[in-house]
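Here is what each chain is made of, one letter per residue.
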Amino acid sequence: AQKVTQAQTEISVVEKEDVTLDCVYETRDTTYYLFWYKQPPSGELVFLIRRNSFDEQNEISGRYSWNFQKSTSSFNFTITASQVVDSAVYFCALSEATGDSSYKLIFGSGTRLLVRP
Amino acid sequence: EAQVTQNPRYLITVTGKKLTVTCSQNMNHEYMSWYRQDPGLGLRQIYYSMNVEVTDKGDVPEGYKVSRKEKRNFPLILESPSPNQTSLYFCASSPAGEFPYFGPGTRLTVT
């Protein structure tokens, strides 16, 4: 069965610190996608990134970077020089192809990040 | 503007009082689904629909019903809500072969 584990329930850092959110996944599929979403206190889900299982290149977007390692089934997310506005719950998710050209997302339990001024 | 809308955004109700949460998308997507979010459990899929009049159970369908009479709408029905259905609900839609766009969420409290 597919599974996503975010072992860090809550992380607290001081502004400007770097922080890494861990994500470990399990799947038997050879083709899959991994996602990160941000959920700010307002509650909506904000899409951050989608990564194809065939593309192991790390990605950087401003202060955000993602490290995908198939060998360890991990897709970790690092925020550099954290800011108070980064405070949110972050979800890692894995896609499951349902067989009808549609996809269901399997979510981890989320990591709550608190950035203190 | 392409979007998924949900109504209401917040709802407090009592046990046993039937309610419907509406979901509508303006992107002509075939696939729609409902997820619920609970602390420590992330989001889990309740029901999904592959097209009009085609629906199927997700991982946690008990206590819920859905219908898909029109392509743009996918309401979530709780015939007899119970406190364990207190949750944050998300509707999502996607075209075939693509990934879900999520609505803004509906926070439901059942007392």
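Computed from a prediction, not measured in an experiment: that's the story for all the values here.

Novice: How should the overall build of chain A be read in this particular structure?
Specialist: Looking only at helices and strands, one finds 0 helices and 12 strands in chain A. Start at the N end of chain A and walk to the C end: the helices and strands fall as β-β-β-β-β-β-β-β-β-β-β-β. Against the compact-globule benchmark of 13 Å for 117 residues, chain A has a radius of gyration of 14 Å, which places it among compact chains. Its C-alpha atoms put chain A at 45 × 30 × 25 Å along the principal axes.

Novice: Help me understand the state of the cysteines in this model?
Specialist: Disulfide: a covalent bond connecting the sulfur atoms of a pair of cysteines. All names here are of chain A. The final tally for this structure, using the stated rule, is 2 disulfides over all chains. Two residues, Cys23 and Cys92, share a disulfide whose sulfurs are 1.9 Å apart. Every disulfide takes its handedness from the sign of the S-S torsion; for Cys23 and Cys92 that torsion is -65°, giving left-handed. Note that Cys23 is positioned in the loop between strand E3 (19–21) and strand E4 (24–26) and Cys92 in strand E10 (residues 88–97), a separation of 69 residues in sequence. Both residues of the pair, Cys23 and Cys92, count as buried.

Novice: Would you mind going over the packing of aromatic side chains with me for this structure?
Specialist: Centre distance and the angle of the planes are the two values used to describe a pair of aromatic rings. Counted under the stated rule, the structure contains 22 aromatic pairs over all chains. Each ring, one from Phe68 of chain A and one from Phe75 of chain A, has its centre 5.8 Å from the other, and the planes form 80°; the classification is edge-to-face. Pair check on accessibility: Phe68 of chain A and Phe75 of chain A agree, each one buried. Here a set of aromatic residues connected by ring pairs shows up, and it is made of Tyr33, Phe35, Tyr37, Phe47, Phe91 and Phe107 of chain A together with Tyr35, Phe90, Phe99 and Phe102 of chain B.

Novice: Before we go on, may I ask you to explain the layout of surface pockets in this structure?
Specialist: Take a probe with the size of a water molecule and roll it over the atoms, and the empty space left behind shows itself. Estimated volume of the largest pocket: approximately 470 Å³. Together, 24 residues line the largest pocket, and Gln39, Val89 and Arg112 of chain A together with Gln37 and Pro39 of chain B are the ones closest to its centre. Every element with two or more residues in the lining of the largest pocket is listed here: E10 and strand E12 (111–116) of chain A together with strand E4 (31–38), strand E9 (87–94) and strand E11 (106–110) of chain B. Of all the elements, E10 of chain A adds the most residues to the lining of the largest pocket, at 3 residues. Class assignment for the residues of the lining of the largest pocket results in 8 nonpolar, 12 polar and 4 charged.

The rules behind these values
Residues numbered from 1 in each chain as written. Chains lettered and ligands numbered in written order. Predicted model: local features only at pLDDT ≥ 70, side-chain atom pairs only at ≥ 80, totals over all residues. Heavy atoms only, no water. Helix = DSSP H or I, 4+ residues; strand = E, 2+ residues; numbered from the N terminus. Rg over C-alpha atoms; globule rule 2.2 N^0.38 Å. Disulfide = S-S within 2.5 Å. Buried < 20%, exposed > 50% of the residue type's maximum accessible area, 1.4 Å probe, protein only. Phe/Tyr/Trp six-rings, centres within 6.5 Å; stacked < 30°, edge-to-face > 60°. 1 Å grid on protein atoms, 1.4 Å probe; cavity = no way out; pocket = protein on both sides within 12 Å on 5 of 7 lines; lining within 4 Å. Points joined across faces, edges and corners; volume = space filled by probe spheres on them. Nonpolar A, V, L, I, M, F, W, Y, C, P; charged D, E, K, R; others polar.

Note that all results are geometric; they support no functional claim without further evidence.
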